[in-house]
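Residues per chain are reported as follows:
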Amino acid sequence: MAKYETLLPRFLKYVKVNTRSNPNSDTIPTDPKEVTFLKTLAAELEEVGVKDVHTQASSGYVVGTLPANDGGKTPTIGYISHVDTADFNAENIQPQVHENYDGTSDIDLSGDGKWVLKPSVFPSLKKYNGQTLITTDGTTLLGSDDKSGVADIMTMLDYYKAHPEVKHGELRIGFAPDEETGTGADHFDAKDFNTKYAYTVDGGPLGELEYETFNAAQATIDIQGNEVHTAVAKGLMVNALQLGIDYHNLIPEGDRPELTEGREGFYHLFKMSGTPDHAQLIYIIRDHDRKIFEERKHIMQEVADKINYNYDEPRVSVEVHDQYYNMREVLEKDMTPVELAQKAMENLDIKPDIYPVRGGTDGSKISFMGIPTPNLFAGGENMHSRFEYVSVQTMERAVDTLLEINRLNTEQAN
C-alpha cells in the first residue's frame, strides 16, 4: 500500500498535461498552457485548505497560505516548485509505472526496442532495486522536473488536511511558471510571498540539498563584416563568420562545460549564426566565484578589443547581461534553512548530498530578493530527456522531508 495515497495519482495526472514553456515568447507566463495548469492547481490548493490563493500579476506565480495551527509562534516557511517543462517533446506524455524494479534489467520504454532505459548507460538505475519507477514511453520527456516537486508539495498539504492534529506553522506555497526559460523568477513578488525562508523543491535524487549555484551571464557577440565578391576579395573582404571563428579561438580553450566539473567555471558557445556580412555568437558564462565570474565577463570584451585593433573600425561588439548569482552569498550569512533541512534529512536517515550546483534554480534569484531559498530533492533522474524517470519511494521521502522540516521548525519555535 502506498505511503501517501494521493501522491502517485496526482503525479500521473500532472505529467500528462503539456506545460512546456516557450523560450521565444515575451509574455508572462510564456505559454497559455502554463496558465491553464496553474488555474487547476489554484483550485486544488483551495480544496486542501490553502487560503488567500491568488496569482501574482507581475510573475504569474500562483501563491497561497496554509494557516498555522500551532498558535502562530512558528516562523513562516515557503515551498516553491515550477510547473513548466523543458524544451523537449511534451505532447501526449504517457507515463509508465514499473513496480518492483530489480535494479539491473533494461526497461524497454517504447515496447519495440527503439528506446531502452539501460543500467549500462544510466548506472543510477542500480540504486532503485525493489522500487517503483515512473518512466516515459520514449517519445517525450516525463516532466518530473518539476511536477515531482508540485506533487510532493500537494501531498504534504493532503497530509495536513487528513491529520489536523499535527501541529505546524504557517506555510506559504508558490507554483511557478517559466523556470525552464530562466525568466520566471525575474518578476517574482517577494513582498507578496512574505516569508523569511523558503525552499524550492526542484532537485534530483534522494538527499540533494543545494545552496551554492553558479553566477551566470549571457554574452551576445555581434560581428559586422564587409562582404564583397570573392573575385576581388583580397584586401577588401572582412568575413564575419571567420571573425567569429577567430573570436571563439581566443576564448580560453579548456574552459568549456565538457572539460570542467565541480566549481570550475566555463564559457559555453551555444548559438552561432550569420553570413560573411554579419554574424552573431551567443555564449553563457558560468562561475561559482563572483570575482572570477567578473573576470570572465571582462575577457569577452578583451577578446573583442584584440580583434578590433587590427581594423580601421570596430567590427566586434559585446553585450553582456547577468542572469543570476550564487545564492551562497546570501545563505552563508544565515544558514538556518540549510541546517533545518539537513537536520530533517538526518532524522529520517537520509544522507544529505550537498554540493555546488552547476546551474541555477529559481532560488538563485529569490534569495537575492530577500528570501533565502535553498533547493531540496524532488526525485527526478535524467531530466529533460526521453530517458527521464523518477522513483515513487524517493518522492515519498521528499514528502517526509517537508513534513520533518515543518515539525522541527515548530519544535524549535515552541
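Since we're looking at a predicted model, the values are computed, not measured.

1. Section: the overall build of the chain
Looking only at helices and strands, the chain has 10 helices and 18 strands in total. Against the compact-globule benchmark of 22 Å for 414 residues, the chain has a radius of gyration of 24 Å, which places it among compact chains. Along the three orthogonal principal directions, the C-alpha set of the chain runs to about 85 × 55 × 35 Å. Counting only residues that meet the buried cut, the chain has 53% of its 414 residues in that class. Contacts in the chain between residues at least 24 apart in sequence constitute 80% of all its contacts with a sequence separation of at least 6. Here the chain displays about 18,400 Å² of accessible surface, and carbon together with sulfur accounts for 49% of that area. Charged side chains in the chain number 39 positive and 67 negative. The centres of these two groups are separated by 2 Å.

2. Some remarks on helix α1 (residues 7–15)
It helps to recall that an α-helix has 3.6 residues per turn; residues three or four apart then point in one direction. Among the residues making up α1, those that are buried are L7, R10, F11, L12, Y14 and V15. Close packing links the buried residues of α1 with α2 (32–47), β4 (96–98), β7 (133–135), α3 (144–162), β18 (389–391) and α10 (392–413).

3. Let's talk about the sheet that holds strand β11 (residues 215–224)
Taken in spatial order, the four strands of this open sheet run β12-β13-β11-β14, and their pairing is antiparallel. Pairing within the sheet leaves two strands with one partner each, and these edge strands are β12 (266–274) and β14 (316–324). Sheet twist, expressed as the mean angle between neighbouring strand axes with direction ignored, is 15°. The sheet contact formed by β12 and strand β13 (residues 278–287) spans eight bridges and is antiparallel. Residue Y267 lies in a different strand from β13, and its bridge partner there is I285. Helix α5 (residues 240–250) contacts β11, β12, β13 and β14 of the sheet and is inclined by roughly 20° relative to β13.

4. Some details on the sheet that holds strand β17 (residues 380–381)
Taken together, four strands build an open sheet; the order of strands is β4-β7-β18-β17 and the sheet is antiparallel. With partners counted over all chains shown, the strands left at the sheet margins are β4 and β17, one partner each. Contacts between α10 and the sheet are confined to β7 and β18, with β18 contributing the most and set at about 60° to the helix.

5. A look at the pattern of salt bridges
One pass over the full model with this rule turns up 23 salt bridges. The salt bridge partner of D186 is K365, with a shortest N-O separation of 2.4 Å. Note that D186 is positioned in the loop between β8 (171–176) and α4 (190–193) and K365 in helix α9 (residues 362–367), a separation of 179 residues in sequence. Residue class for D186 comes out partly exposed when judged on its relative accessible area of 40%. Relative accessible area serves as the criterion here: at 15%, K365 is assigned to the buried category. A salt bridge links R296 to D287; its shortest N-O distance comes to 2.8 Å. There is no split in this pair, since R296 and D287 are both buried. Taken together, the salt bridges that share partners define one network made up of R10, K13, E44 and D158.

6. Re the packing of aromatic side chains
Counted under the stated rule, the structure contains 12 aromatic pairs. Arranged with centres 5.6 Å apart and planes meeting at 85°, the rings of Y14 and F37 form a pair that is edge-to-face. With Y14 in helix α1 and F37 in helix α2, this residue pair connects regions lying 23 residues apart in the sequence. Given a relative accessible area of 1%, Y14 falls into the buried group. Residue classification places F37 among the buried positions, given a relative accessible area of 4%. With 4.7 Å between their ring centres and 50° between their planes, Y61 and F188 make a pair best called tilted. Of this pair, Y61 sits in the loop between β1 (51–55) and β2 (62–66) while F188 sits in the loop between β8 and α4; the two residues are 127 residues apart in sequence, bridging distant segments of the chain. Just as Y61 is buried, F188 falls in that class too.

7. Examining the packing of α5 against helix α6 (residues 290–308)
When two helices pack together, their arrangement is given by the angle between their axes and by how far apart the axes lie. Following both chains from N to C, one finds α5 and α6 inclined at 130°, their axes separated by 10 Å at the closest point. Overall, the two elements α5 and α6 adopt an arrangement that is oblique. Relative to α6, the crossing made by α5 is right-handed. Residues L243, D246, Y247 and L250 of α5 lie in contact with α6, whose contacting residues are M300, V303, A304, K306 and I307. Split by residue class, the contact of α5 with α6 holds seven nonpolar, no polar and two charged.

8. So, the pairing of strand β9 (residues 197–203)
With seven of seven residues buried, β9 is to be regarded as a mostly interior element. Relative to β9, strand β3 (residues 77–82) runs parallel, the two sharing four bridges. Across the sheet, G78 pairs through a bridge with A198, a residue of β9. Pairing of β9 with strand β16 (residues 375–377), which is carried by three bridges, proceeds in the parallel orientation. Within β16, the position partnered with T200 by the bridge is N375.

9. Thoughts on α10
With 22 residues, α10 should cover 32 Å at 1.5 Å per step; its first-to-last C-alpha distance of 32 Å lies within 8% of that length. By the criterion of burial, α10 is predominantly enclosed, with 16 of the 22 residues buried. Between the side-chain oxygen of the N-cap and the backbone nitrogen of Q393 there are 3.2 Å, and the N-cap of α10 in question is S391.

About the cut-offs
Residues numbered from 1 in each chain as written. Predicted model: local features only at pLDDT ≥ 70, side-chain atom pairs only at ≥ 80, totals over all residues. Heavy atoms only, no water. Helix = DSSP H or I, 4+ residues; strand = E, 2+ residues; numbered from the N terminus. Rg over C-alpha atoms; globule rule 2.2 N^0.38 Å. Buried < 20%, exposed > 50% of the residue type's maximum accessible area, 1.4 Å probe, protein only. Contact = heavy atoms within 4.5 Å. Areas by Shrake-Rupley, 256 points an atom, 1.4 Å probe, with all protein chains shown as cover. Lys, Arg positive; Asp, Glu negative; His and termini not counted. Charge placed at Lys NZ, Arg CZ, Asp CG, Glu CD. Pairing = 2+ DSSP bridges. Axes fitted to C-alpha atoms, helices over the stretch in contact; angles between N-to-C directions. Salt bridge = Lys/Arg side-chain N within 4 Å of Asp/Glu carboxyl O. Phe/Tyr/Trp six-rings, centres within 6.5 Å; stacked < 30°, edge-to-face > 60°. Parallel < 35°, antiparallel > 145°, perpendicular 65-115°, else oblique. Left-handed = near helix turned anticlockwise from the far one by under 90°. Nonpolar A, V, L, I, M, F, W, Y, C, P; charged D, E, K, R; others polar. Expected span 1.5 Å × (residues − 1). Polar contact = N/O pair within 3.5 Å; in protein donor to acceptor, adjacent residues only side chain to side chain.

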